[in-house]
Amino acid sequence: MRTIAFIIRKEFQQLRRDRRLLPMILVSPILQIALLGYAANMDVKDIPMTVCDQDHTVESRQLVESFLESGSYVARAAVTDAAAAERTIEEGKASLALVIPPGFGRSLTGSGTAPLQLLADGTETQSAAIGLTYATLIVSRAQAARAEQRLKGLDPRVLRQVSSVRVDPAVRILYNPTLASRNFMVPGVLGMILMIITTILTSLAIVKEKELGTLEQLIVTPITPRQLIIGKLAPFVLISLVIITVVLAASLVLFGLAVRGSLFVLYALSLLFMLSSLGIGLFVSTIARSQQQAMMISMFFFMMPMVILSGFVFPIESMPPLIQAVTYIFPLRYYFVIIRGLFLKGVGFAELWRETAALAGIGIVVITASVLRFRKRLE
């Protein structure tokens, strides 16, 4: 134990000497939480819209007002024909164009269909998809409101002939009622920060020892490989626990987002996740010959694939079946489910046993393989 404590103390002394690294470790989580929480917002609001009302009736004006009153759209231009509406999108003045053709109001009073055209800027796929979804919903609501208004004016006997059943759906959105994207993004930042800190710093710290020649000095001492590995990894586990606390405090202060589940479960499963990330960092240190190589290998071969295929940005369900199968080997996939469940749903071990078992299995395999390879390099 004395030997392990000596190595741990030595690691902290090196971190203290590096005046640029320590502020980065402590300030970076708060900065990333703030940036991703405020800037990386998938809630589309104030979409610039062009209005082309060729009908000029009460019905067409009501439809335009329903778009503007929703808070999702802002009228930036009013044109007289569809070609001009398309030009405003081409010129970047608007992302969506609402084209109401002549006869729209008259068609609503008949039994046929009322034509309507929506033009969207496909170069911004996220905004276009959400904008069209909002627009379709607004049109559907307006149609339902008109139908209800018409039914109110009918004679009760005629109304019973039209329909004897009224469908009144009650819609509830669970766990994130406002559908705020920051509630989805902020917990995910915790997983990214832990992965970056434990993977990169572990690999860099060991490779730095190689470059300075101090690792060879440690090898010739009576320190066993097991003691050396524990002494090297323990400081980053402690730093990661501090970072978790900083992220939890920042998410509460900046966004009012608190953990609904157990903090003990959060810390325990975070330690389980660290088995994999520390193991990856240890493995990278056995491959890289310089700190630059360690950084590049960690970023391009481990962290970028994990971020892309973990469900942090892109839904796993929308990926091809083969890619979906590959995502099961990434521990970050399971950790995202865990922290979002703890933050938003307040779940515990009983609901997260599958993810816990997967993290444990992957972590044991990764850390064991990395330790064996590291010990082999030492010998």
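Right above here is the structure, for reference.
These numbers come from a predicted model, not from an experiment.

### Observations regarding the packing of aromatic side chains
Across all of its chains, the model carries three aromatic pairs by this definition. With a centroid separation of 6.4 Å and an interplanar angle of 80 degrees, the aromatic rings of phenylalanine 283 and phenylalanine 302 are classed as edge-to-face. With a gap of 19 residues between them, phenylalanine 283 in helix H11 (residues 263-287) and phenylalanine 302 in helix H12 (residues 291-309) connect regions that are remote in the sequence. You can call phenylalanine 283 partly exposed: its relative accessible area is 28%. Judged by relative accessible area, which is 22%, phenylalanine 302 ranks as partly exposed. One cation-aromatic arrangement involves arginine 333 over tyrosine 328; the distance from NZ or CZ to the ring centre is 4.1 Å.

### Observations concerning the nonpolar core
One recurring pattern in soluble globular proteins is that nonpolar side chains are buried together. Grouped together as the largest cluster of nonpolar side chains are 65 residues, with contacts concentrated most on Leu190, Leu266 and Tyr335. Of all the secondary structure elements, the ones that give two or more residues to this core are helix H8 (181-212), helix H10 (225-255), H11, H12, helix H14 (331-345) and helix H15 (353-378). Per-element tally for this core: the top contributor is H8, with 15 residues. With residues up to four places along the chain from it excluded, the contact list for leucine 266 reads Leu190, Leu248, Val259, Tyr335, Ile339 and Leu342.

### Focus: unusual backbone geometry
With a phi angle near 55 degrees, histidine 56 is a residue other than glycine that sits in the positive phi range. Looking at the element boundaries, histidine 56 is found in the loop between strand E1 (47-53) and helix H3 (58-69). On the basis of relative accessible area, histidine 56 is assigned to the exposed category, the value being 59%.

### Observations regarding the pairing of E1
The element E1 is extensively covered by neighbouring structure, given that seven of its seven residues are classed as buried. Side chains Ile47, Met49, Val51 and Asp53 project from E1 onto one buried face, and the interleaved Pro48, Thr50 and Cys52 project onto a second face that is buried too. With five bridges connecting them, E1 and strand E2 (residues 73-78) associate as parallel partners. Bridge assignment links isoleucine 47 to a residue of E2, and that residue is tyrosine 73. Once the chain exits E1 it traverses H3 before rejoining the sheet at E2, and the crossover so formed is right-handed.

### Thoughts on the pairing of strand E3 (residues 96-100)
Within E3, five of the five residues are buried, which leaves it mostly tucked inside the rest of the structure. Side chains of E3 alternate between two faces, with Leu96, Leu98 and Ile100 and Ala97 and Val99 buried alike. Examined bridge by bridge, E1 and E3 share five bridges and lie parallel to one another. Bridge assignment links cysteine 52 to a residue of E3, and that residue is valine 99. Sheet topology note: the E3/strand E4 (residues 117-120) ladder contains four bridges and is antiparallel. In the sheet register, alanine 97 faces E4, and the bridge partner there is leucine 119.

### Considering the sheet that holds E3
In space, the four strands of this open sheet follow the order E2-E1-E3-E4, with mixed pairing throughout. The outermost strands of the open sheet, each flanked by one partner alone, are E2 and E4. In this sheet, neighbouring strand axes are inclined to one another by 25 degrees on average, regardless of whether the strands run parallel or antiparallel. Sitting on the sheet, helix H4 (residues 82-90) touches E1, E2, E3 and E4, and the angle it makes with E4 is about 25 degrees.

### Some remarks on the side chain of serine 370
Mapped onto the elements of the fold, serine 370 is located in helix H15. Engagement of the side chain of serine 370 in a polar contact is seen with the backbone oxygen of valine 366, the distance being 2.9 Å. Leave out the neighbours within four places in its chain, and serine 370 touches Gly279, Ile280, Leu282 and Phe283.

### Description of the packing of H8 against H14
Taken N-terminus to C-terminus, the directions of H8 and H14 make an angle of 135 degrees; their axes are 9 Å apart at the nearest point. Overall, the two elements H8 and H14 adopt an arrangement that is oblique. Note on packing geometry: the crossing formed by H8 with H14 is right-handed. Here H8 contributes Asn183, Phe184, Pro187, Gly188, Leu190, Gly191, Met192, Leu194 and Met195 to the contact with H14, which in turn contributes Leu332, Tyr335, Phe336, Ile339, Arg340, Phe343 and Leu344. Of the residues that constitute the contact of H8 with H14, the class distribution is 12 nonpolar, three polar and one charged.

### Quick notes on the environment of methionine 319
Its location among the elements puts methionine 319 in the loop between H12 and helix H13 (321-327). Separated by 10 residues in sequence, methionine 319 and leucine 309 have C-alpha atoms that sit 8.9 Å apart. Filtering out sequence-adjacent residues up to four positions away, methionine 319 remains in contact with Ile308, Leu309, Phe314, Gln324 and Thr327.

Calculation criteria
Residues numbered from 1 in each chain as written. Predicted model: local features only at pLDDT ≥ 70, side-chain atom pairs only at ≥ 80, totals over all residues. Heavy atoms only, no water. Phe/Tyr/Trp six-rings, centres within 6.5 Å; stacked < 30°, edge-to-face > 60°. Helix = DSSP H or I, 4+ residues; strand = E, 2+ residues; numbered from the N terminus. Buried < 20%, exposed > 50% of the residue type's maximum accessible area, 1.4 Å probe, protein only. Lys NZ or Arg CZ within 6 Å of the ring centre and 35° of its normal. Core = buried A, V, L, I, M, F, W, Y, C linked by side-chain atoms within 4.5 Å. Contact = heavy atoms within 4.5 Å. Pairing = 2+ DSSP bridges. Right-handed = clockwise from strand over helix to strand, strands pointing away. Axes fitted to C-alpha atoms, helices over the stretch in contact; angles between N-to-C directions. Polar contact = N/O pair within 3.5 Å; in protein donor to acceptor, adjacent residues only side chain to side chain. Parallel < 35°, antiparallel > 145°, perpendicular 65-115°, else oblique. Left-handed = near helix turned anticlockwise from the far one by under 90°. Nonpolar A, V, L, I, M, F, W, Y, C, P; charged D, E, K, R; others polar.

From the geometry alone we can't say anything about function, so treat these as descriptive.
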